[in-house]
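Here is what each chain is made of, one letter per residue.
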Amino acid sequence: MEKRLSRGFRRGVIRTLAIAASVALLGSCGKAESPANKVAAAVEAAPAAPATPATPATTITLFASPNTDSTPVWGAIAQGFYTEVGLDVQVKVFPSGTTALQSFRTGQGDISMSGELPSVNYWGSVDGDYRVITPMTRHTQGYVAETLSSIKAPKDLIGKTIATRVGSSGSWFVAEFLKKNGIAPDQVKLINLDTNQMPIALDKGDIAGFFVWQPFGFQAEALSGDKVHALTTAQGYIRGYTVLGARPAWLEKNKDAAVRFIAATQKGATWAKEHPDQFASYLEKNYGTDPKQTMEVMKYIDLTMAFDPQFYEDFASVAAYSKDVGNIKQTMDWSTYLWTDGLQAWGGGRVTTPPRP
């Protein structure tokens, strides 16, 4: 009997408390909870549904340099364009494309940037196990012959020591400069330096000048002041390019990813050109570059990503030079040098018919 009374007492207490709680709730709200509010409350209280597993991003290891020659890829990374198309682009930074291709040759990396001459030389040295998938930049004003201020004319370099990154676009620039100014190659002493060493060597007087791309001429002037000056740009000598290349086997296996990569890279180029100040800030924050120098280069850099008549003309000249000096043995074969699927998929007449070799 005692147990039954206790059980009944407890049930009564529970009912009383429930009623009191309901009255208090109605009193505080002023009205009964609406059906819509009940649904909202139920949804909020319900445990979250398990997320649908996303398709894993395709990882691409990219070799690039932290300067304006790789503008399109830095623009794409800054704005997350690769992520938008399902790519996880991991960048390994190199001081030059020539250095990057040295690592690429060992089997590292998926896509590598380089200049036009290193690209042609590499293609010739690996029996075609390499394809250019797109140019990124092209220009003449972005290359400079930075010299001591005492060098007033090309012939003042006779008997002097000059530097470039041997095997890079600078080698082609030097060769054309000497030839067009009637200076024999043996009338100067040409040495090999990494790009970041050139301004220091010039400041110390170890060299009389160097031939390379910007911003290293700007850096020399910031370091040495009026001790140095820009003797000339590459205008009238060469048009330099920065290109992206990959191995044919990788492209065959990852065609869709490569196409998406090129499309996102183009978006990066467009964004950087339209927002040069934001782009300059990105490079400064992440790689310590001088934003004023970046902004100056962005005024004239050409970001046309296309295999067009100008591209073919310039690269035919590069290949002819490379063959003449013994860097490659073969004549340019566009069918084994270029991978056009990516630019063709993008459309807009980005690939024109190449000339016959």
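Residue positions within a chain follow its written sequence, with the count starting from 1. pLDDT decides what is reported in this predicted model: residues at 70 or higher carry local features, side-chain atom pairs at 80 or more are listed and counted, and totals for whole chains, interfaces and linings draw on all residues regardless. Excluded from the side-chain calculations are hydrogens and water; all other atoms, namely the structure's heavy atoms, are used.

Enquirer: Would you explain empty space enclosed by the protein in this entry?
Expert: Unoccupied space between atoms shows up once a probe the size of one water molecule is rolled over them. In this analysis, the protein atoms alone were mapped onto a 1 Å grid. Cavities are point sets where a 1.4 Å probe fits without being able to get out; pockets are open sets with protein on both sides within 12 Å along at least five of seven lines; lining residues have an atom within 4 Å of a point. Grid points are joined across faces, edges and corners, and a volume is the space filled by probe spheres set on the points. Evaluated as defined, the whole model comprises two cavities of 30 Å³ or more. In this structure, the largest cavity is lined by 17 residues; those nearest its centre are Gly97, Met113, Ser114, Gly115 and Trp213. Elements are defined by DSSP. Helices are runs of H or I of four residues or more, strands are runs of E of two residues or more, and each kind is numbered from the N terminus. Counting residues per element, the ones that place at least two in the lining of the largest cavity are helix H5 (97-104), strand E3 (111-115) and strand E10 (240-246). The greatest single-element share of the lining of the largest cavity, amounting to three residues, is contributed by E3.

Enquirer: I keep staring at unusual backbone geometry and nothing clicks. Help me out?
Expert: Excluding glycine, residues mostly carry a negative phi; peptide bonds, for their part, are mostly trans. Along the chain, glutamine 214 connects to proline 215 via a cis peptide bond; the corresponding omega equals 20°. Topologically, proline 215 is positioned in the loop between strand E8 (209-213) and helix H9 (216-224).

Enquirer: What should I look at first to understand the sheet that holds strand E5 (residues 143-148) in this one?
Expert: Backbone-to-backbone hydrogen bonds join strands into a sheet, with any given pair of strands oriented parallel or antiparallel. Two strands qualify as a pair provided DSSP detects at least 2 bridges between them. The five strands are arranged E7-E6-E8-E5-E9 in an open sheet whose pairing can be described as mixed. Both edges of this open sheet fall to strand E7 (189-192) and strand E9 (228-233), since each of them pairs with a single strand only. The sheet shows a mean angle of 25° between the axes of neighbouring strands, taken without regard to direction. Examined bridge by bridge, E5 and E9 share five bridges and lie antiparallel to one another. Across the sheet, residue valine 144 finds its bridge partner in E9, namely threonine 233. Any two residues whose heavy atoms approach within 4.5 Å at even a single point are treated as in contact. Each axis is a line fitted through C-alpha atoms, taken for helices only over the stretch in contact, and angles between the N-to-C directions span 0 to 180 degrees. Where helix H7 (residues 169-180) meets the sheet, its contacts fall on E5, strand E6 (161-164), E7, E8 and E9, and the angle it forms with E8 comes to roughly 125°. Taken strand by strand, H9 contacts E5, E8 and E9, and its axis lies near 135° from that of E8.

Enquirer: How do you make sense of helix H11 (residues 255-274) when you look at a structure like this?
Expert: Count 3.6 residues to each turn of an α-helix, and residues three or four apart come out pointing the same way. What a helix should span is 1.5 Å times the count of its residues minus one. Compared with an ideal rise of 1.5 Å per residue, which puts 20 residues at 28 Å, H11 spans 29 Å between its outermost C-alpha atoms and is within 8% of the ideal. Inspection of H11 places Ala257, Ala258, Phe261, Ile262, Ala264, Thr265, Gln266, Gly268, Ala269, Trp271 and Ala272 among the buried residues, and these make up the whole buried set. Exposure categories follow from relative accessible area, calculated using a 1.4 Å probe and restricted to protein chains: below 20% of the type maximum is buried, above 50% is exposed, and the middle band is partly exposed.

Enquirer: I keep staring at the confidence of the model for the chain and nothing clicks. Help me out?
Expert: Reading predicted coordinates in detail is not appropriate for stretches of low pLDDT. Put simply, the chain has an average pLDDT of 86, and 84% of its residues get 70 or more. Every residue gets a pLDDT, meaning the predictor's confidence in that residue, from 0 to 100. Between residues 1-53, whose pLDDT stays under 50, and residues either more than four places distant or in other chains, the model counts four contacts.

Enquirer: Honestly, the pattern of salt bridges in this entry has me stumped. Any pointers?
Expert: Opposite charge on two side chains permits pairing when their charged atoms draw close. By definition, a salt bridge exists where a carboxyl oxygen of Asp or Glu is found within 4 Å of a side-chain nitrogen of Lys or Arg. Summed over the entire model, instances satisfying the criterion amount to nine salt bridges. Note that aspartate 308 and arginine 138 form a salt bridge whose closest N and O atoms lie 3.1 Å from each other. With aspartate 308 in the loop between helix H13 (291-298) and helix H14 (309-324) and arginine 138 in strand E4 (residues 131-139), the pair connects residues that are 170 residues apart, well separated along the chain. With respect to class, aspartate 308 is no different from arginine 138; both count as buried. With a shortest N-O distance of 3.4 Å, glutamate 176 and lysine 179 are connected by a salt bridge. Residue glutamate 176 and its partner lysine 179 are located together in helix H7, separated by three residues, close to a single helical turn. The exposed category is assigned to lysine 179, whose relative accessible area is 57%.

Enquirer: Looking at this structure, I do not really get the nonpolar core. What am I missing?
Expert: Judged by nonpolar contacts, the single largest core of 94 residues is most densely connected at Tyr130, Phe261 and Tyr337. Here the element with the most residues in this core is H11; it accounts for eight residues. Apart from the residues lying within four places of it in its own chain, the contact partners of tyrosine 130 are Leu101, Phe104, Ser114, Ser119, Tyr122, Trp123, Val243, Gly245, Ala246, Pro248, Thr336 and Tyr337. Nonpolar cores are built from buried Ala, Val, Leu, Ile, Met, Phe, Trp, Tyr and Cys residues. Side-chain atoms within 4.5 Å join them into one set.

Enquirer: In this structure, what is going on with the sheet that holds strand E1 (residues 58-64)? I would like to understand it.
Expert: Strand order in the open sheet formed by five strands is E2-E1-E3-E10-E4, with mixed pairing between adjacent strands. Strands with a single pairing partner mark the edges of an open sheet, and in this sheet they are strand E2 (87-93) and E4. The average undirected angle you get between the axes of adjacent strands in this sheet is 20°. In this sheet, E3 lies alongside E1 in parallel orientation, the contact comprising two bridges.

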